[in-house]
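Residues per chain, in single letters:
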Amino acid sequence: MGGSSIDREDGHIGFQIAPMVDVVFVLMLFFMASAGSQVVEKQLALNLPGSDGSSHISVVVGIDANGQVSMNGKNFDLPTDHSLPALRSWFTDAMAAFGDGDPVFIRPSADARHERIVDVMNALSASGVKKLTFS
């Protein structure tokens, strides 16, 4: 068979730089495009609970399993009284004197009835307490 034979090495072409430069340019383009769509976080003006250096007195209203309501260790009203007049008048006076600065914490016992917790929440709401949380 007559034809010209081409001398080739056995499949070894060598290291080609042109495809590697193309890959680097594609990666650079990808990172430049994705950097432009990066989300910039902005500061929100939020007042988070925490210590700001001033002394605050927390008011904790506890409810035990029998329905006895106490505030910072002092018992208020009878467990059978749903309107809680003593607790309501104390918070009414406190809101008039000090305003609604710090939240009032309700700390019910694990065995406390939900009905009693609602009674306390109603009394605090009627007294003008606007910041209320559970602990």
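Predicted model, so just to flag it, every value in this text is computed and none were measured.

Caption draft 1: Focus on the overall build of the protein. Scanning the protein from N- to C-terminus turns up three helices and five strands. Counted from the first residue to the last, the protein has its helices and strands arranged as α-β-β-β-α-β-α-β. Burial statistics for the protein: of 135 residues in total, 21% are counted as buried. Accessible surface, the protein: about 10,800 Å² in total, of which carbon and sulfur atoms supply 59%.

Caption draft 2: The arrangement of helix 2 (residues 85-98) in detail. For helix 2, built from 14 residues, the straight-helix expectation of 20 Å at 1.5 Å per residue is met to within 8% by its first-to-last C-alpha distance of 20 Å. Taken residue by residue, helix 2 has L87, F91, A94 and M95 as its buried positions. Taken end-on, helix 2 shows its buried residues confined to a sector of 100°, consistent with a single buried face. In helix 2, the exposed positions that point more than 90 degrees away from the buried face belong to D93, A96 and A97. On its buried face, helix 2 is in contact with strand 1 (59-63), strand 2 (69-71), strand 3 (74-76), strand 4 (104-108) and helix 3 (114-126). G99 sits one or two positions beyond helix 2 and adopts a positive phi of about 80°.

Caption draft 3: Structural detail: helix 3. With 13 residues, helix 3 should reach 18 Å at 1.5 Å per residue; the first-to-last C-alpha distance of 18 Å fits that figure. When we look at burial in helix 3, the residues that qualify are R116, I117, D119, V120, A123 and L124. Axial view of helix 3: buried residues confined to an arc of 155°, hence all on one face. With respect to the buried face of helix 3, the exposed residues turned more than 90 degrees away are H114, S125 and A126. Where helix 3 is buried, its residues touch strand 1, strand 2, helix 2, strand 4 and strand 5 (132-134). One or two positions beyond helix 3, positive phi appears at G128, with a value near 100°.

Caption draft 4: Region of interest: the pairing of strand 1. A large share of strand 1 lies buried, amounting to five of its five residues. A two-sided burial pattern is seen for strand 1, the buried positions comprising V59, V61 and I63 on one face and V60 and G62 on the other. Inspection of the sheet shows strand 1 paired to strand 4 by five bridges, in the parallel sense. Bridge pairing in strand 4 places V59 opposite V104.

About the thresholds
Residues numbered from 1 in each chain as written. Predicted model: local features only at pLDDT ≥ 70, side-chain atom pairs only at ≥ 80, totals over all residues. Heavy atoms only, no water. Helix = DSSP H or I, 4+ residues; strand = E, 2+ residues; numbered from the N terminus. Buried < 20%, exposed > 50% of the residue type's maximum accessible area, 1.4 Å probe, protein only. Areas by Shrake-Rupley, 256 points an atom, 1.4 Å probe, with all protein chains shown as cover. Expected span 1.5 Å × (residues − 1). Arc of directions from axis to C-beta. Contact = heavy atoms within 4.5 Å. Pairing = 2+ DSSP bridges.

Honestly, that's just the spatial picture; any functional story needs more than this.
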